[in-house]
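Residues per chain are reported as follows:
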Amino acid sequence: LCFRKCVMMALTSCFFWSTFGLSAAMDSKPNILLFLADDLGIGDIGCYGNNSIRTPNIDRLAREGVKLTQHIAAASLCTPSRAAFLTGRYPIRSGMASSNKYRALQWNAGSGGLPANETTFARLLQQQGYTTGLIGKWHQGVNCESFNDHCHHPLNHGFDYFYGMPLTLRNNCQNNKSLDLDPVLQAKLWFYAQIIFLTVLTLIAGKLTGLIPIHWKIITCFILAGSLFFISWYSSYGFVQYWNCILMRNHDVTEQPMKLERTAFLMLKEAISFIKRNRHGPFLLFVSFLHVHTPLFTTAKFLGKSHHGLYGDNVEEMDWMVGKILDLLDKEGLKNHTFTYFASDHGGHLEAQNGSAQLGGWNGIYKGGKGMGGWEGGIRVPGLFMWPGVLPAGTVIDEPTSLMDIYPTVVHLAEGILPRDRVIDGRNLMPLLQGRAQKSEHEFLFHYCGSYLHAVRWHQKDSGAVWKAHYVTPVFHPPGAGACYGKRLCPCFGEGVTHHDPPLLFELSQDPSEAKPLSADTEPLFDTVIRKIGRAIEEHRRTLSAVPEQLSVSNVVWKPWLQPCCGTFPFCWCDKEGDSTQIL
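Residues numbered from 1 in each chain as written. Predicted model: local features only at pLDDT ≥ 70, side-chain atom pairs only at ≥ 80, totals over all residues. Heavy atoms only, no water.

The protein goes by ARSD Arylsulfatase in an unreviewed UniProt entry, where it is assigned to Grantiella picta. What the UniProt record of the protein gives under Sequence similarities (unreviewed entry) is the line "Belongs to the sulfatase family." (UniProt positions renumbered as here; feature names shortened; annotations may be inferred.)

Quick look at the structure:
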């Protein structure tokens, strides 16, 4: 009897303290730490099956928290995907989806970007008393009409502090790499410049020899026109490293051009400093990695250390950075009071190669990659959550979720209110993450390539089936290769895509690799599923409204009067960081 009473008291005590601990954690607003990798494939980290790249710190999040296996990006390219992540809305709703070939922002001195009337989760958390910070990549625009109006800047979108790169890494940021900013257009412009130059030489020679009867005024006009043509394009493309590869602290440019050999250390230093300054919370820290986008600049400490070449080295350096930040949470006693999340903005870049060396990520068993609007490899990404005492450790959830879900989730945790004057496409994940709900709230997810709808996913909750219909797919080159090799990215429209009527249909729970398209002959529910998805598309399109296209050609071209500059334009160069590499 005494033993029975002791056992009952012990069980009651355990229940009380576990319940009290959960209640205490939920009663106050947690700190929120968001990690977002750049171009990382779902197959690049250990907890999703990779055995050639060591990622113990990222894997720790899965071991001590929750792993999502159907976490879907709203776009397969940086700018639109991140716009959706920040706003909880499909990028087509904010004008961050393109109808032309420029599907991401190209220049710091473009005028496109996340519109001021879009409300980010940072803005809502700021209103709830959070100190908000963004360290790393922005890629949502800077200016609208002048070089310092900063209409698209992070500080104009709810962040109290920003340190990082307003655009994105490119090969142009490293001296010994091939150019990757509009290389086809650059080649054409250089060809036209050579034609003009040869024409002028021919006219001068003909005039001097008397073979061509032409006035010197006409030759002078050719020279002036050719010079203006050359200067107009070379002044932008010839100095990409100075115009695009810069670091900013809040509104000030601190490095122009940036020094890649210390960038990772600077980002880590800033993240650590932000947490220490705001350890009494609550804080929101968005660590938006420059890793693992090309040119994959990796510090000497990690070069040659992985079993997967330069790309693996870069992933392992990022994992080390994640570990340093997680260790700080432990040291400061913040781990149990911090909601931590890790994901990638989209799938790995299959076409990123240097000869036989693969410079892009691995998307596991999933077809396609970065830039492909519908195929799983471009949009299915890692999704990891950790919050000790609140989220059950070692949990795996195989339900469709979206990067857009982070928006309502963190607003809920901050006790904020979602905007009621617009459609929010994301759903609060907390019931699913805590095990209070077994099914995702998403019935349909729409997969865009730019502003073109390529595929739709239907989560048939009663049966557990996940159907996916492809209306448009890219034409792979060479055929069957699984990517558009020879191009930087697969196109969204034109001759580079195939339209399907009826659409290609897959049942992802049975065929996650999308290898065996179904038909009316092989699937009895084929017509029913296609009709159901078709009605969902019609309903979805009724919720869309016309908005200015932020990625139009006129918005993405380089405009010298919008160029962020730490000197007097065009003399833009500075280094305000000094020797900041010895920080840890």
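Right, picking up where we left off after that structure.
Student: With reference to specific residues and values, describe unusual backbone geometry.
Tutor: Here the amide bond leading from glycine 281 into proline 282 is cis, since omega sits at -5°, within 30 degrees of zero. Position of proline 282 relative to the elements: it lies in the loop between helix H9 (260-277) and strand S7 (283-288). Residue histidine 477 is joined to proline 478 through a cis peptide bond whose omega torsion reads -5°. Relative to the elements of secondary structure, proline 478 occurs in the loop between strand S16 (465-474) and strand S17 (497-507). Here the phi dihedral of histidine 139 falls at roughly 60°; this positive angle occurs in a residue that is not glycine. Residue placement: histidine 139 occurs in the loop between strand S3 (131-137) and strand S4 (161-165). (Helix = DSSP H or I, 4+ residues; strand = E, 2+ residues; numbered from the N terminus.)

Student: Just give me the short version of the pairing of S7, but keep the residues and values in it.
Tutor: The buried count for S7 comes to six of six residues, which makes it a mostly enclosed element. By the alternation rule, side chains of S7 split into Phe283, Leu285 and Val287 and Leu284, Phe286 and Ser288, which are all buried. Pairing geometry for strand S1 (residues 31-37) and S7, over five bridges, is parallel. Counterpart to isoleucine 32 in the pairing with S7 is leucine 284. Sheet topology places S3 next to S7; six bridges connect them, and they run parallel. (Buried < 20%, exposed > 50% of the residue type's maximum accessible area, 1.4 Å probe, protein only. Pairing = 2+ DSSP bridges.)

Student: A description of the pairing of S3 should follow, citing residues and the corresponding values.
Tutor: Within S3, six of the seven residues are buried, which leaves it mostly tucked inside the rest of the structure. Here S3 pairs with S4 via five bridges, running parallel. Bridge pairing links glycine 133 to tyrosine 161 in S4.

Student: Please provide a residue-by-residue account of the environment of isoleucine 246, values included.
Tutor: One can find isoleucine 246 in the loop between helix H8 (240-244) and strand S5 (247-249). Residues isoleucine 246 and methionine 165, spaced 81 residues apart in sequence, show a C-alpha to C-alpha distance of 6.1 Å. When neighbours within four sequence positions are excluded, isoleucine 246 is seen to be in contact with Asn108, Gly164, Met165, Pro166, Val253, Glu255, Gln256, Met258 and Pro564. (Contact = heavy atoms within 4.5 Å.)

Student: Give a description of the state of the cysteines that names residues and reports values.
Tutor: Inspection of every chain in the model, using the stated rule, returns six disulfides. Disulfide partner of cysteine 484: cysteine 490, at an S-S distance of 1.9 Å. Residues cysteine 484 and cysteine 490 are joined through a disulfide that is right-handed, its torsion about the S-S bond being 105°. Each member of the pair, cysteine 484 as well as cysteine 490, is classed as buried. Look at the protein and number its bonded cysteines as they come in the sequence; the links are 1-2, 3-4, 5-8, 6-7, 9-11, 10-12. (Disulfide = S-S within 2.5 Å.)

Student: Account for the packing of H9 against helix H10 (residues 309-331), naming residues and giving values.
Tutor: The contact between H9 and H10 brings their axes to 10 Å, and the two run at 15°. In terms of axis orientation, H9 runs roughly parallel to H10. Pair H9 / H10 crosses with right-handed handedness. Taken together, the residues of H10 that come into contact with H9 (itself represented by Ala264, Phe265, Met267, Leu268, Ala271, Ile272, Ile275 and Lys276) are Glu317, Trp320, Met321, Lys324, Ile325, Leu328 and Leu329. (Axes fitted to C-alpha atoms, helices over the stretch in contact; angles between N-to-C directions. Parallel < 35°, antiparallel > 145°, perpendicular 65-115°, else oblique. Left-handed = near helix turned anticlockwise from the far one by under 90°.)

Student: Go over the sheet that holds S17, please, and point to the residues and values.
Tutor: Judged by pairing direction, the sheet is antiparallel, and its four strands sit side by side in the order S14-S15-S16-S17 without closing on themselves. Edge positions in the open sheet fall to strand S14 (444-449) and S17, since each of these has one partner strand only. Put simply, the sheet's adjacent strands are angled 15° from each other on average, direction ignored. Of the pairings in the sheet, the one linking strand S15 (residues 452-460) to S16 comprises six bridges and is antiparallel in character. Residue pairing in the sheet places histidine 459 in a bridge with valine 466 of S16.

Student: Hey, could you go over a nonpolar patch on the surface for me, with residue numbers and the actual values?
Tutor: Together, Phe191, Tyr192 and Ile195 give the surface a local cluster of nonpolar side chains, amounting to about 300 Å² of exposed area. Positionally, phenylalanine 191 belongs in helix H6 (residues 183-209). For phenylalanine 191, a relative accessible area of 47% gives the class partly exposed. (Patch = residues over 30% accessible without salt bridge, like charges linked within 9 Å, V, L, I, M, F, W, Y side chains within 5 Å. Areas by Shrake-Rupley, 256 points an atom, 1.4 Å probe, with all protein chains shown as cover. Salt bridge = Lys/Arg side-chain N within 4 Å of Asp/Glu carboxyl O.)

Student: Lay out the side chain of asparagine 31 in plain terms, naming residues and giving numbers.
Tutor: With respect to the helices and strands, asparagine 31 occurs in strand S1. Excluding residues within four positions of it along the chain, asparagine 31 makes contact with Gly281, Pro282, Phe283, Leu334, His337, Thr338 and Phe339.

Student: A description of the side chain of aspartate 319 should follow, citing residues and the corresponding values.
Tutor: Secondary-structure assignment places aspartate 319 in helix H10. Engagement of the side chain of aspartate 319 in a polar contact is seen with the backbone nitrogen of isoleucine 58, the distance being 2.8 Å. Excluding its chain neighbours within four sequence positions, the residues that come into contact with aspartate 319 are Arg54, Thr55, Pro56, Asn57 and Ile58. (Polar contact = N/O pair within 3.5 Å; in protein donor to acceptor, adjacent residues only side chain to side chain.)

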